[in-house]
Amino acid sequence: MIFNVVSAVILLIIVFSLLVSAIGYISFTNSFKREYSTSTYNMAETAVTLVNGDSIDSYLANGENEEYLLSKTRLDTYCQKMKVSIVYVIKVDTSDYGSFKSVFNSVNNSVDNTEYTPWELGFERETTNDEYREDYRALYEKEIEYATVYRTRNLKNVHPHITTLVPVKDSKGNVVSLLCIQRPMRELREGRTPYLINVALSTVILAILVAISYIIYIRKEFVLPLKKVSDETERFARETIQGESLGKISKIEEISSLAFSIDEMERKMLSYIDNLTAVTSEKERIGAELSIASTIQENSIPNIFPAFPERRDFDIYASMTPAKEVGGDFYNFFLVDDDHLAMCIADVSGKGIPAALFMMVTNILISDRTHMGGSPAEIMTFVNNNICQHNEAYMFVTVWLGILEVSTGKITAVNAGHDDPAIYRKNGEFELTESKHALVVGAMENIKYSNYEIQLNKGDKLFMYTDGLPEATDKDNRMLSTGGMLAALNKCKDEKPESILKSIKLSVDEFVGDAPQFDDLTMMCIEYNGMENNMDSLTLEATNDNLDKVLAFIDTALEKYGCSMKDQMKIDLSAEEIFVNIANYAYGDNTGNAEITVENNGGAFSVTFIDSGTPYNPLEKADPDITLSAEERQIGGLGIFLVKKNMDSVSYEYKDGKNIFTMTKNI
């Protein structure tokens, strides 16, 4: 144990020393770099006065002259006197700053034992890297006065060095080239190494001294007394019987107090264990019952999603978060038949077990009565009367019940004192749907409830909820409110129902913060996608020669949509009659086009013929009297009559200069 304590202390000293070393190392390096940066910049500012900026282009174009050689000699001398590695002047290609040409290049290899080879006048090479490229651009465009580049890694046997770049300007103040000074930083490495060695030696000496002191003092006054306390605690945990008093076991008052507390704890713990055993037994029984009740409640409502994976015409999602183990809110949804979806959301007065039982009864009554048929108002009247007959606890429930006709998007609903749903119109925003509220269920018998309607179009969403959402309260007793709910909804209005509910739950959690959940939170959202609308189209020349193409096109489309052979033959006979009439009469002696479309609207197959010929409505002609003999009947009209008999509906309109004839067969 002593070893562990001492090791921990030594480890702390080492960590502290490493931290101090790191901070000192970084501070030392940064200070050194700042000093190098300032002094090298001053060197560069002095060196740039040795170069005539007006002659840079002349040097590169015409070669060395007397002025060039004089400047070269001065720069060479300056490089030697200032003990820098390189002083060079370059003209950068300003089109992309990707290359440059050497103007002056003075090298002093004796500074850091390098083997730099001086560049000749006009020597061209690519820019070293993106850092240099950006510095070149900034200097030429006068965004900065100078640039500094440190090289301390990947040096390829070269000492760490600093390069300072300053602009060379002509007499007009334009930047015509750059002067660069490369200076070794040997002192940086030479100065840091002794510092690190001194810190390491100090750490070792301090660790040894501390270890010896702690071994002597801690063992006597800390470790051994604590071991007695630990042994006694372990013994009590193992035997659970009162032991001998520890008494004053250390000069450290806190450890002696701990020993006294252990003795007192043993006495009180034995008494507490006796009481806890009885309480725990009762609590476990109640907890098990609540867990079973929660499972039963959860399984009484739809909780597997997607609920209708085979349906594409709507998407529905719901969630319920009780304030306690069980709650009084509930939701339900189910298909009454293939074209009608029942949706219900409700909030029982009160919370806990009584509300959960009342919720179960109400849910069962609504579900069973809805499957029997009838409007939501009739269903709610029935449920209310049955609840009132057996409501000795005088509880009540707010209910919103709606039945969606999937094929049309029409919802027939009833509101028994519940919060109005929020509706989202495609490309719009969520807003409340206002309706007249009836009395809550369970308050009074023989209440007559009234229906109202909500029309959903493709892409619309309906959001239903209990008052636990707008009345969610934070620690300052501020409520989220209906406005806050709508604002949260509109942040995720374009998402799917599942994502909307999860987003709203996160918004509520963020608003409430650490405040406890006050009420049950139940939500449900449905997105109406509409019935599938499948359509194929063909445009071709309206001639009798193309009749086979028209029939083949129609047959292919009908087979794709699963049309039976019997219905297909009736549609083909009717299509032949209409197309032949267009080919022979629509355009007279001329030739025009005909457009044919086949559309499947949920099992209703429509074939539409569109032409730009002479306006003609074949439905205006009276049907022939088929009770007469062939000799007695007037010629004509029999073909369109057969079309009417084979199809479930036919229609004609003349719009935008086009004859539009549609015939529909229900499958």
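Rules behind the numbers
- Residues numbered from 1 in each chain as written.
- Predicted model: local features only at pLDDT ≥ 70, side-chain atom pairs only at ≥ 80, totals over all residues.
- Heavy atoms only, no water.
- Helix = DSSP H or I, 4+ residues; strand = E, 2+ residues; numbered from the N terminus.
- Buried < 20%, exposed > 50% of the residue type's maximum accessible area, 1.4 Å probe, protein only.
- Contact = heavy atoms within 4.5 Å.
- Areas by Shrake-Rupley, 256 points an atom, 1.4 Å probe, with all protein chains shown as cover.
- Axes fitted to C-alpha atoms, helices over the stretch in contact; angles between N-to-C directions.
- Left-handed = near helix turned anticlockwise from the far one by under 90°.
- Nonpolar A, V, L, I, M, F, W, Y, C, P; charged D, E, K, R; others polar.
- 1 Å grid on protein atoms, 1.4 Å probe; cavity = no way out; pocket = protein on both sides within 12 Å on 5 of 7 lines; lining within 4 Å.
- Points joined across faces, edges and corners; volume = space filled by probe spheres on them.
- Core = buried A, V, L, I, M, F, W, Y, C linked by side-chain atoms within 4.5 Å.
- Pairing = 2+ DSSP bridges.

J.: Help me understand the overall build of the chain, please; the structure alone is not making it clear to me.
T.: Of the regular secondary structure elements, the chain holds 13 helices and 21 strands. A total of 667 residues make up the chain; the buried ones form 45% of that total. Taking all contacts inside the chain whose residues are at least 6 apart in sequence as the whole, residues at least 24 apart take part in 68%. Element-wise, carbon and sulfur atoms account for 53% of the exposed surface of the chain, whose accessible area totals about 36400 Å².

J.: What should I look at first to understand the packing of helix α11 (residues 547-560) against helix α12 (residues 565-586) in this one?
T.: Any two packed helices are characterised by the angle at which their axes cross and by the distance between the axes. Interhelical geometry of α11 versus α12 gives an angle of 145° and a closest axis separation of 10 Å. Crossing of α11 over α12 shows right-handed handedness. In this structure, α11 contributes L547, V550, L551, I554, D555, L558 and E559 to the contact, and α12 contributes Q568, I571, D572, A575, E576, F579 and V580. Looking at the contact of α11 with α12 residue by residue, the classes come out as 9 nonpolar, 1 polar and 4 charged.

J.: For this particular structure, what's the right way to read helix α4 (residues 130-140)?
T.: Residues three or four positions apart in an α-helix share a direction because the helix packs 3.6 residues into each turn. Those residues of α4 that fall on the buried side of the exposure criterion are Y132, D135, Y136, R137, A138, L139 and Y140. Packing partners of the buried residues in α4 comprise β1 (86-92), β2 (99-107), β4 (147-151), β5 (161-169) and β6 (175-184). Just past α4, the residue K142 takes up positive phi, approximately 60°.

J.: Would you explain the layout of surface pockets in this entry?
T.: Over the atoms rolls a probe the size of a water molecule, and in doing so it shows where empty space is left. Its boundaries defined by the atoms lining it, the second largest pocket holds a volume of some 460 Å³. Along its surface, the second largest pocket is lined by 19 residues, and N581, I582, Y585, Y616 and P618 are the ones closest to its centre. At the level of elements, α12, β19 (604-611), α13 (638-646) and β21 (658-666) are the ones that each hand at least two residues to the lining of the second largest pocket. Residue contributions to the lining of the second largest pocket peak at 6 residues, all from α12. Residues belonging to the lining of the second largest pocket are distributed by class as follows: 11 nonpolar, 5 polar and 3 charged.

J.: Just to check I follow, could you spell out the nonpolar core for this structure?
T.: The nonpolar side chains of soluble globular proteins are, as a tendency, buried together. M343 and W400 are the most contacted members of the largest nonpolar core, which totals 51 residues. Looking at which element gives the most residues to this core, the answer is strand β9 (residues 340-348), with 7 residues. Counting 30 residues, the second-largest nonpolar core is a separate cluster that includes Y561, I571, Y587 and V598.

J.: Looking at this structure, how should I read the sheet that holds β1?
T.: Strands belonging to one sheet form pairs held by backbone hydrogen bonds; the direction of such a pair is parallel or antiparallel. Here 6 strands make up an open sheet; going across it, the order is β3-β2-β1-β6-β5-β4 and the pairing antiparallel. The sheet terminates laterally at β3 (124-126) and β4, the two strands that pair on one side only. With direction set aside, neighbouring strand axes in the sheet form an average angle of 30°. As defined by bridge partners, β5 adjoins β6 across 9 bridges and the pair is classed as antiparallel. What sits directly across from T164, in β6, is I181.

J.: What is the right way to read the pairing of β2 from this model?
T.: Regular strands have side chains that alternate between both faces of the sheet. Taken across its 9 residues, β2 has 8 buried, putting it largely inside the fold. The hairpin formed by β1 and β2 contains 6 residues between the paired strands, and Y97 there has a positive phi angle of roughly 55°.

J.: Sorry, what's going on with the pairing of strand β15 (residues 461-465) here?
T.: Burial runs high along β15: 5 of the 5 residues are buried. As judged from the 3 bridges shared by strand β12 (residues 422-424) and β15, these two strands associate in the antiparallel manner. If you follow A422 over to β15, its bridge partner there is F463. By the bridge criterion, 5 bridges tie β15 to strand β16 (residues 521-528) in an arrangement that is antiparallel. Following the sheet pairing, M464 is matched in β16 by M524.

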